[in-house]
Amino acid sequence: MYPSGEGLHVAIMTDETGWHTRQLQAALRARGASGRCIDLADCHIDTTQAWHGLVIPGFGRHLPDAALVRGIAGGSFEQVTKRLGVLHALRELGVPVYNDARAIERSVDKSMTSLLLHAADIPTPPTWATESLAQARRIAMREGAAGHAVVLKPLFGSQGKGLQLVGDVAGVHHPVPELGEAYGSLAYMQRFVPATANPGFDWRVLVVGGRAVTAMRRVSDGWIHNIAQGARCEPAELTPPLAALAERAAAALGLDYAGVDMIPCAGGAVQVLEVNGVAAWRGLQRVTGFNIARAIVDDLLDRKLAAARADGMAGAGRRA
């Protein structure tokens, strides 16, 4: 255990600074550590500069003691590959990365999230991902004939942007539109889960270090329950079934911290819709009685970094 965090230097990987990064920096200071905001776009590889071959702004020839991933800017395939490569490299060089690149890749790609949830036997809506517009339209026709609407989502989308209903919508068939640039020429679709209450809602459960720690209901008069789309936050009881399901979902993706979105279904069942590996928590903080950033930082220092230090010492002992 490292109760103080004294003298530790943590890189907060983010493409924008603001409320979340200030919260994390304050939580790190409270533990005697420092947090420097770094845009992964500004990091690069230079094998002439240091033994490790990475250039992390503000760290000179040194590496951070840990990296906490708050955001990764979009870009070309090559740019994003390099940015994730920096996170991969930090992990391989022994720097604890929270969440690491492998986990982020699983959660950012919604189709991989759905696949891993399904493989782990976690209840989630039927899901399809295809590059064939004709196949996507056949799926929507088949689902519509069975009386189901289908949600078409951007594969890498967030904040409820770009969602639309296809298939049977209020008794009228809506075909899958041309996919184009907005969807990356790929159809990622989930069977729509009708609301079981009026107004409708879903749950956002925050998992930190494998444990569900807080929850809220996101309530909306429409069918999209994202805060960015106008939904309102309400406190929610973190019941044992909700907590257990959220923890299983985060574990299936190998996430250190995660925002798990779940929705009630007919008959009292619950399904996992999405798992966010760079989860925002500003709305959740408004209905939570403890400091979420502090919980994340405590888990980073007391579990993730402590385990990495212990592994390092054990490895040194084996090599001695």
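For the structure, see preceding data.
Residues numbered from 1 in each chain as written. Predicted model: local features only at pLDDT ≥ 70, side-chain atom pairs only at ≥ 80, totals over all residues. Heavy atoms only, no water.

**Re the packing of aromatic side chains**
So, step 1. This structure, assessed with the given rule, holds four aromatic pairs.
So, step 2. Centre to centre, the rings of Phe192 and Trp223 are 5.8 Å apart; their planes meet at 90°, and the pair counts as edge-to-face. Of this pair, Phe192 sits in the loop between β11 (187-191) and β12 (200-208) while Trp223 sits in the loop between β13 (211-220) and β14 (232-235), placing them 31 residues apart in sequence.
So, step 3. Overall, Phe192 belongs to the partly exposed group, its relative accessible area being 23%.
So, step 4. Classification of Trp223 as partly exposed rests on a relative accessible area of 30%.
So, step 5. Stacked on the ring of Phe201, the Lys or Arg Arg217 has its end atom at 4.1 Å from the ring centre. (Phe/Tyr/Trp six-rings, centres within 6.5 Å; stacked < 30°, edge-to-face > 60°. Helix = DSSP H or I, 4+ residues; strand = E, 2+ residues; numbered from the N terminus. Buried < 20%, exposed > 50% of the residue type's maximum accessible area, 1.4 Å probe, protein only. Lys NZ or Arg CZ within 6 Å of the ring centre and 35° of its normal.)

**Focus: the sheet that holds strand β15 (residues 257-264)**
Backbone-to-backbone hydrogen bonds join strands into a sheet, with any given pair of strands oriented parallel or antiparallel.
So, step 1. The antiparallel open sheet is built from five strands, whose spatial order is β14-β13-β12-β15-β16. At either margin of the open sheet sits one strand with a lone partner, and together these are β14 and β16 (270-276). Pairs of neighbouring strands in the sheet enclose a mean axial angle of 30°, with direction left out of account.
So, step 2. In this sheet, β14 lies alongside β13 in antiparallel orientation, the contact comprising four bridges. (Pairing = 2+ DSSP bridges. Axes fitted to C-alpha atoms, helices over the stretch in contact; angles between N-to-C directions.)

**So, the sheet that holds strand β9 (residues 164-169)**
So, step 1. Within the open sheet, the five strands sit side by side as β7-β11-β8-β9-β10. Their pairing is antiparallel. If you trace the sheet from one side to the other, it starts and ends with β7 (127-130) and β10 (172-174), each paired once. Strand after strand, the sheet turns through a mean of 25° between neighbouring axes, direction not considered.
So, step 2. As judged from the four bridges shared by strand β8 (residues 149-153) and β11, these two strands associate in the antiparallel manner.

**A word on the pattern of salt bridges**
So, step 1. For the structure on display, the rule yields 18 salt bridges.
So, step 2. Arg31 is the salt-bridge partner of Asp298, the closest N and O atoms lying 2.7 Å from each other. In this pair, Asp298 is assigned in helix α8 (residues 292-319) and Arg31 in the loop between α1 (19-30) and β2 (34-38), connecting sequence segments 267 residues apart.
So, step 3. Across the pair Asp256 and Arg303 runs a salt bridge, and its minimum N-O distance is 3.0 Å. Of the two residues, Asp256 is situated in the loop between α6 (240-253) and β15 and Arg303 in helix α8; the sequence distance between them amounts to 47 residues. (Salt bridge = Lys/Arg side-chain N within 4 Å of Asp/Glu carboxyl O.)

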